[in-house]
Protein chains: 2
Amino acid sequence: MHMKQVTVHCPGTVANLVCGFDILGMALRAPYDVMEVKLLDEPKVIIHNRDAFNLPTDPEKNVAGVVFLAVMEKIGGNTGFEVTIEKHIKPGSGLGSSAASAAGAAVAANHLLGNIFSTDELVQFAMWGEKLASGVKHADNITPCIMGGVTLIRSIHPLDIVPLAAPDLFVTVVHPQIEVRTSDARQILKEKVLLKDAIRQWGNIAGLVAGFTRNDHELIGRSLEDVIIEPVRSILIPGFDEVKLKCKEAGALGGGISGSGPSVFMLSKEEDTAKKVEAVMQSVYTRIGIEYNTYVTTINKNGAAVIG
Amino acid sequence: MHMKQVTVHCPGTVANLVCGFDILGMALRAPYDVMEVKLLDEPKVIIHNRDAFNLPTDPEKNVAGVVFLAVMEKIGGNTGFEVTIEKHIKPGSGLGSSAASAAGAAVAANHLLGNIFSTDELVQFAMWGEKLASGVKHADNITPCIMGGVTLIRSIHPLDIVPLAAPDLFVTVVHPQIEVRTSDARQILKEKVLLKDAIRQWGNIAGLVAGFTRNDHELIGRSLEDVIIEPVRSILIPGFDEVKLKCKEAGALGGGISGSGPSVFMLSKEEDTAKKVEAVMQSVYTRIGIEYNTYVTTINKNGAAVIG
C-alpha cells in the first residue's frame, strides 16, 4: 500500500573547488536528477530507473538503495521505500551523480518520515551511497547537494559541516565524454606533497573562503589555483590546459576540474562571459574530436528540493 | 636639523595561528614597542636603543635600520632618519619583535613623508627587516603589525594581503625564557608532508577563516588544530603539551605556538577564562623551573599607531 509520495530534485555538485580538495563543494542549478519516492508499509526497497543509464536496481548495489536501507535500519519497523529515479546527471561525469542519488534518497526519506533527522544525520546516511559508489565515505558532494550553496567539510571524523556564503557567480561546465574513474583519479595522487606547495594551497583556500564570505569576485579568482591535485589529475583530461587558459582569456575568474573529472567548471561574474566561456569549451572539444555536454548555470543556494 | 618627529606604537604579533602556518597573523594589544623617529635632512640613519637588549645600532645590521635604508633608496634625495627604539617585545620571544621594529620603521617613515606609500609598499619595505632578522622575506608578522587584526598572506609572490575580520577574543600569552632560533625551528620541519595531513590542515584553515569572518567562537576553537607543524616544533618547547591541555581544560578555545616559539598563546571568550589560563601557564612553568612572562590581552584591531 502506498502511503505517501514525494518528488525531489537533486542537484549536480562540483566537489573540490580547485584548491579545496576533499573539503569544499558547491551545488549547481543544472543539471539535476528527479526522484519520486513512495513510503511502503513493508521493509523493502523497490527501485525503478526512468533513464538510459542501466544502473543496478538491486537495493544493495544501488546508491539510493543502500541509503534507504541505512534509514530503515535506523528506524526499524515495517517501513520501506519505492523509488523511481530519472537521472540527468551522467554517472562518471564528475558532477556528483552518485551523491545526487544518495542525498536525494536521504532527503526524500526524511521528508516522508516527518523530518526526523538532522542535516548531519542525512549526510551520514547519504555517505553509505558514496561508499558504495567509490569505496570512500566522502561528503563533499553530498553536503552541498543537501544544503545548497558552497559547503565546507572541515572534518569527516568527527563530521563538521560549515555552510559558507555562496557568491553570485555564473558557472559554466563542460563534460567531455571520456571516462575518468574516481578510484583511478585518486590512485595517481602522490601520498606526500611538498610543504611549500601545501602552504601555497592553504593560502589559496583561506583566500577562497574569505572571497566567498565577502562575495569578493577578484579574490575568488586569484585564489582559484591548485598546485597539488590539478597538475596530476589534469593529465587524465584531454584539452584541460587549453580549455582553462582560453576560458580565462575569455573572462572567466577561474576554475578547474569538477570532482575527480572529467568535467571542467569555470566561474564568471556575468552571464555573457559564462556563455563566451561555454563557446570556448565547445570549440576546443569540437576540434579535439571528443563528444561533450555543456551547462551554463548558477550556484544552487537551496540544495535538494522537495517538490510534491 | 630635525624637521619632524613621530612616535609609533608597534604591537607584538602572533604569526602562524596554529593551522595557518606562514599565512595567518594576528596583532596584540600587548606587548608593544615604542619608536620615536625624526626626519633628517641628510641621507643617513642614526639608531639609539632605549632598552637593555643591546641590539646593533649599525643601520645595515639593525632591523629598523635596513627598512629606513630601503625607504631612502626608494625616495632618493637628502632624507634620513634618526630613531630611538624602546623595545618591550623581547627578541626571540616568537611575538614578532623584529617585525615590530621593521613595521614601525616603515609606518613612521611613511607618516613623516606624508603617507606616500600603500600598505603593500610598507609591507615590502618592512620585509627587508625580516630578511635581516631571519634570512627570509616573510610578511606574516609584519602585515598584522601594520594593519592590525587578523591578516592573511594569500601569496608572497606576488604579494596578496587579505585583511580578515578579527574576532572579539581574549589572548593569553606565555613566553618561557628559553631560546628557540627561527632558523632552527624552520630547519626541523620536514620538506614533505602527507597529503592526508595537508587535507586535514586546509579543512582547519578554511574553518578558522570562516570562524573569524562570522565571529563564530566554537568554530574557531574546533579549527585551532595543527597536524603538521606543531607536532614537530612543540618538541622544542618544554611543557608545551601540558600547557595546551591544561589551558583547554581551563576553558580556552584553543591555541598553540606563537610564530616559531617559544611563546605559546591561547584564545578565550571571556577575560575571566583568559586569566585562569594565565594562572595555568604560570603554574606549569613555575613547576618546571623555567622563567616566564605572561600577558592577558586582546586582539589589536588597528595595528601600528602613530601617536604624536
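Going by the structure above, here's the rest.
Small disclaimer: the values here were computed from a predicted structure and weren't measured.

An account of the overall build of chain A is requested, with residue identities and associated values reported.
Looking only at helices and strands, one finds ten helices and twelve strands in chain A. Relative to the globule expectation of 19 Å for 308 residues, the C-alpha radius of gyration of chain A, 19 Å, shows essentially globular dimensions. Principal axes of the C-alpha set define a box for chain A whose edges measure 60 × 40 × 35 Å. Across the 308 residues in chain A, those meeting the buried criterion constitute 56%. Across chain A, every contact between residues at least 6 apart in sequence was considered, and the portion connecting residues at least 24 apart equals 73%.

Any chance you could break down the interface of chain B and chain A for me, citing the residues and the numbers?
Every contact between the two is made by 32 residues of chain B and, on the other side, 32 residues of chain A. Looking at the side of chain B that touches chain A, the elements with two or more residues in it are strand E5 (150-155), strand E6 (160-164), strand E8 (192-194), helix H6 (195-213) and helix H7 (217-223) of chain B. At 13 residues, H6 of chain B tops the list of elements feeding residues into the side of chain B that touches chain A. Counted by class, the side of chain B that touches chain A contains 18 nonpolar, seven polar and seven charged residues. Pairing analysis gives three bridges linking strand E8 (residues 192-194) of chain A to E8 of chain B, with the strands arranged antiparallel. Bridge pairing links Leu194 of chain A to Lys192 of chain B in E8 of chain B.

An account of the relation of the copies chain B and chain A is requested, with residue identities and associated values reported.
The transformation that overlays chain B on chain A combines an axial shift of 0.0 Å with a rotation of 180°, and the residual RMSD is 0.0 Å. Taken together, the rotation and translation relating the two chain copies correspond to the operation of a two-fold axis. Most of the interface of chain B is mirrored in chain A, where 100% of its interface residues again form contacts.

Tell me about the pairing of strand E3 (residues 45-49) of chain A, and name the residues and values.
Residues and elements named next belong to chain A. Here E3 runs beside strand E4 (residues 80-86); their pairing, made up of five bridges, is parallel. Considered in E4, the bridge of Ile47 is made with Val83. Handedness of the crossover joining E3 and E4 through helix H1 (residues 63-75) is recorded here as left-handed.

Go over the nonpolar core, please, and point to the residues and values.
Side chains of a nonpolar character, in soluble globular proteins, are inclined to be buried together. Ranked by internal contacts, the top residues of the largest apolar core, which has 206 residues, are Ala103 of chain A together with Ala103 of chain B. Ignoring sequence-local partners within four residues, the contact set of Ala103 of chain A consists of Cys10, Ala126, Ile142, Cys145, Ile146 and Ala304 of chain A.

Give a detailed account of the sheet that holds strand E11 (residues 292-298) of chain A, specifying residues and quantitative values.
Residue and element names in this part refer to chain A. Across the sheet, four strands lie side by side as E9-E10-E7-E11; this open sheet has antiparallel pairing. This sheet does not close on itself; its edge strands, each paired only once, are strand E9 (254-257) and E11. Each adjacent strand pair in this sheet contributes to an overall mean axis angle of 15°, direction not counted. Packing against the sheet, helix H9 (residues 240-249) makes contact with strand E7 (170-176), E9 and strand E10 (264-268), and its axis sits at approximately 10° to E10. Relative to E7, helix H10 (residues 271-288) is tilted by about 10°, and along the sheet it contacts E7, E10 and E11.

How would you explain helix H3 (residues 119-134) of chain A if you had to name every residue and give the values?
For the α-helix, the turn length of 3.6 residues means that residues three or four positions removed from each other point alike. Residues and elements named next belong to chain A. Under the 1.5 Å per step criterion, the end-to-end length of H3 is 22 Å for 16 residues, consistent within 8% with the ideal 22 Å. All of the buried residues along H3 are Leu122, Val123, Phe125, Ala126, Met127, Trp128, Gly129, Glu130, Leu132 and Ala133. Gly135 occupies a position one or two residues after H3 and carries a positive phi of about 85°.

Before we move on, can you summarise the packing of helix H2 (residues 97-112) of chain B against helix H3 (residues 119-134) of chain B with the specific residues and values?
Residues and elements named next belong to chain B. Here H2 crosses H3 at 145°, and the two axes come no closer than 8 Å. Crossing handedness for the pair H2 and H3: right-handed. Judged by residue contacts, Ser98, Ala99, Ser101, Ala102, Ala103, Ala105, Ala106, Val107 and Asn110 of H2 engage Leu122, Phe125, Ala126, Gly129, Glu130 and Ala133 from H3. A breakdown of the residues in the contact of H2 with H3 according to their chemical character gives ten nonpolar, four polar and one charged.

Give me the lowdown on the sheet that holds strand E10 (residues 264-268) of chain B, citing residues and values where you can.
Residue and element names in this part refer to chain B. Sheet architecture is open: four strands sit in the order E9-E10-E7-E11, paired in antiparallel fashion. Each edge of the open sheet carries a strand with a single partner, namely strand E9 (254-257) and strand E11 (292-298). On average, each strand axis in the sheet is tilted by 15° relative to the strand beside it, whichever way the strands run. Relative to E10, E9 runs antiparallel, the two sharing four bridges. Across the sheet, the residue bridging to Gly254 is Leu267, located in E10. Along the sheet, helix H10 (residues 271-288) contacts strand E7 (170-176), E10 and E11; its crossing angle with E7, the most-contacted strand, is approximately 10°.

Criteria and thresholds
- Residues numbered from 1 in each chain as written.
- Chains lettered and ligands numbered in written order.
- Predicted model: local features only at pLDDT ≥ 70, side-chain atom pairs only at ≥ 80, totals over all residues.
- Helix = DSSP H or I, 4+ residues; strand = E, 2+ residues; numbered from the N terminus.
- Rg over C-alpha atoms; globule rule 2.2 N^0.38 Å.
- Buried ≥ 20, exposed ≤ 12 C-beta atoms within 10 Å, placed from the backbone.
- Contact = placed C-beta atoms within 7 Å.
- Nonpolar A, V, L, I, M, F, W, Y, C, P; charged D, E, K, R; others polar.
- Pairing = 2+ DSSP bridges.
- Least-squares fit on C-alpha atoms with pLDDT ≥ 70 in both.
- Right-handed = clockwise from strand over helix to strand, strands pointing away.
- Core = buried A, V, L, I, M, F, W, Y, C linked by C-beta atoms within 7 Å.
- Axes fitted to C-alpha atoms, helices over the stretch in contact; angles between N-to-C directions.
- Expected span 1.5 Å × (residues − 1).
- Left-handed = near helix turned anticlockwise from the far one by under 90°.

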